[in-house]
Number of protein chains: 2
Amino acid sequence: MSTFIQTKRLLKYRMGLIRLKQMGLEKVFSYTLGKEAGVSAELVRKDFSNFGIKGNRRGGYDIDDLLNSLEKIFGKDRVQNVVIMGMGNMGKALSQYRGFPDNKMNIVAGFDIDPAKINKKFQIPIYPVENLKEIVDAFHVSVAILAVPEIAAQESSDLLVRYGIKGILNLAPVLLKVPDDVVVNNVNLMVELERLMYHSGVLK
Amino acid sequence: MSTFIQTKRLLKYRMGLIRLKQMGLEKVFSYTLGKEAGVSAELVRKDFSNFGIKGNRRGGYDIDDLLNSLEKIFGKDRVQNVVIMGMGNMGKALSQYRGFPDNKMNIVAGFDIDPAKINKKFQIPIYPVENLKEIVDAFHVSVAILAVPEIAAQESSDLLVRYGIKGILNLAPVLLKVPDDVVVNNVNLMVELERLMYHSGVLK
DNA sequence: ATTTTATTGAGAAAATTTTCACAATAATAT
DNA sequence: ATATTATTGTGAAAATTTTCTCAATAAAAT
Ligand SMILES: NC(=O)c1ccc[n+]([C@@H]2O[C@H](COP(=O)([O-])OP(=O)(O)OC[C@H]3O[C@@H](n4cnc5c(N)ncnc54)[C@H](O)[C@@H]3O)[C@@H](O)[C@H]2O)c1
Ligand SMILES: NC(=O)c1ccc[n+]([C@@H]2O[C@H](COP(=O)([O-])OP(=O)(O)OC[C@H]3O[C@@H](n4cnc5c(N)ncnc54)[C@H](O)[C@@H]3O)[C@@H](O)[C@H]2O)c1
């Protein structure tokens, strides 16, 4: 029913709705929102229907109602604490991203094994990995962003799992072995760039 | 036939094969590679079959042969030049990523409208956007990474398209309007983190 | 009030993706 | 040499996702 791919679209609708609302709109039709999110109108309606979200026949959907429904589904009523493992180029960039706090995702701390990276006055505090348990417990963190080098990814993942992390956004180009109750979402920017080259026909 | 989703898997196989080769292996079975890439053995075989890649019945696949086939498909015989538009946190992090040159993707330049960002001695040269055409022509660039703020994304995209870019890896959380002959690959890290939270059940 | 119109909601159909099942066959064992 | 075994390759089946269709219906027009 609620597949991995569907949630991606729902979150895109949410983004689109926020944008449309900022533009002063109050109502939206499946067709409009579909265009905003790059999806067919039928699929927009089917997605909402699957999640029990109702519109008004002929009237379209009320943007505020839709946003409320979506924000209930995606827990936007509560701030979610997140940690970053590996404060190199990627980790640092992500730690400064305004989009996260704007969306109730609060990066509480970064961790690194490199002593030179620790305690550098930064957007967020950076600790040695020894402090992981302490912070995870104190802030009730259950989600982490993994931004360590490929070679260290599995061992870092094991550490995160040991201290109770249940979701890992993995930026390292490796498949992590985790227990069944832990979810990994892999984002591989190299693969995305390679795919783009292939599909844009520049490799011919 | 060659869908968007399939290329993602092929590139994961490629990554897995490189890793297995580094570990000293010379042959691989669909089952092994599938485990490495998080895919069923049948699907591995079907994917290869669809792209006309052959193994040896009972003997499995020869890793070097497979890599050759894949590198032919993904043009790894030639270096591809890429530019980055927007040299803020994200753009800078990406410009320093070793993985790109290691995979024959050569980041030739970054562009920014902020004068303070220009010509700072950096991994790669950073130019004002006025120099875009010149660099794109000189280096025959057809693919760009877009890392400007959401508000500037469409206008930057228009500029890239005007000067002949055919593929855009878009990190900004907006859907770009581009002509039919231009391909956009959207990577939205916020959506990926939100999705992870949803699917790891931490929002309940 | 009644008719017309635009849009949702959902079941059915189509398309796509994944798995199943097994014949073909190459390597190994007897 | 022959039999056994493991693995590929691929059509067929199953599952999933997307599109098609159209009845239901709320808003707007008459
Ligand atoms: N930089 C990019 O643009 C980019 C793009 C795509 C993917 N990635 C991937 O993201 C990951 C991070 O890339 P990066 O460029 O930030 O690398 P980086 O080398 O700049 O940073 C890695 C950081 O991790 C730390 N680290 C190493 N081992 C650790 C451990 N066991 N525990 C905690 N910290 C540890 C290092 O000290 C360093 O600070 C890599 O896996 C890379 O492949 C990066
Ligand atoms: N930083 C992150 O971790 C992160 C994560 C996810 C998504 N993103 C997205 O990536 C994009 C870049 O994020 P960032 O954090 O690097 O932002 P940033 O503000 O650090 O950098 C943006 C850069 O773009 C430049 N710029 C602005 N308008 C421009 C224009 N018209 N032409 C050329 N350059 C221009 C700015 O001068 C700045 O240097 C944003 O769209 C953001 O939403 C960033």
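For the structure, check the block above.
Per chain, residues are indexed from 1 in the order of the written sequence. Labels are handed out in written order, letters beginning with A for the chains and numbers beginning with 1 for the ligands. Selection of residues for local features in this predicted model requires a pLDDT of at least 70, selection of side-chain atom pairs for listing and counting requires 80 or more, and totals for whole chains, interfaces and linings are taken over all residues. Hydrogens and water are ignored here; the side-chain numbers use all heavy atoms of the structure.

Trainee: Help me understand the interface of chain A and chain B in this model?
Mentor: Note on definitions: a residue-residue contact is assigned when non-hydrogen atoms from the two residues lie within 4.5 Å. Facing the 65 residues of chain A at the interface are 65 residues of chain B. Summed over both partners, the accessible surface that disappears when two parts come together, traced with a 1.4 Å probe, is what is meant by buried area. Where chain A abuts chain B, roughly 5,700 Å² becomes buried across the two surfaces, and 70% of that area is made up of carbon and sulfur atoms. When the buried area of chain A at its contact with chain B is split by residue, Met190(A), Arg195(A) and Leu196(A) rank highest and sum to 11% of it. Among the salt bridges present, the one from Lys8(A) reaches Glu192(B), with a minimum N-O distance of 3.1 Å. Think of a polar contact as two N or O atoms within 3.5 Å of one another; within protein, one of them needs to be a possible hydrogen donor and the other a possible acceptor, and neighboring residues in sequence only count if both atoms come from side chains. Where chain A packs against chain B, one counts 16 residue pairs in polar contact (both at pLDDT 80 or more). Residues were grouped as follows: Ala, Val, Leu, Ile, Met, Phe, Trp, Tyr, Cys and Pro as nonpolar; Asp, Glu, Lys and Arg as charged; and all remaining residues, including Gly, as polar. Here the residues of the side of chain A that touches chain B are counted per class, giving 36 nonpolar, 16 polar and 13 charged. A side-chain nitrogen of Lys or Arg and a carboxyl oxygen of Asp or Glu constitute a salt bridge if their distance falls within 4 Å.

Trainee: Would you mind showing me how to read the relation of the copies chain A and chain B here?
Mentor: Here the two chain copies are tied together by a rotation about an axis and a shift along that axis. The copies were overlaid with a least-squares fit restricted to C-alpha atoms from residues scoring a pLDDT of at least 70 in each copy. Once chain A is rotated about the relating axis by 180° and shifted along it by 0.0 Å, it coincides with chain B to within an RMSD of 0.0 Å. When the rotation and shift are considered jointly, the pair of chain copies conforms to a two-fold rotation axis. Considering only C-alpha atoms, the residue of chain A closest to the rotation axis is Ala93(A), which sits at 3.3 Å.

Trainee: Whenever I open this one, the protein's contact with DNA strand D confuses me. Can you help?
Mentor: By convention in these notes, a residue is near a molecule or strand provided one of its non-hydrogen atoms lies within 4 Å of it. Lining the immediate surroundings of DNA strand D are 21 residues, of which Arg9(A), Ser40(A), Arg45(B), Gly55(B) and Arg58(B) lie closest. The sugar-phosphate share of atoms of DNA strand D within 4 Å of the protein amounts to 62%. Interatomic distance of 2.8 Å between a side-chain N/O atom of Arg45(B) and a base nitrogen of DNA strand D. At 2.8 Å, a side-chain N or O of Tyr61(B) approaches a phosphate oxygen of DNA strand D. Secondary-structure elements contributing two or more residues to the surface near DNA strand D are α3 (41-50) of chain A together with α3 (41-50) of chain B. Per-element accounting of the surface near DNA strand D gives the leading share, four residues, to α3(A). A per-class count over the surface near DNA strand D returns three nonpolar, seven polar and 11 charged. For the purposes of this entry, the term helix denotes a DSSP run of H or I that reaches at least four residues, the term strand denotes a run of E that reaches at least two, and both are numbered from the N terminus.

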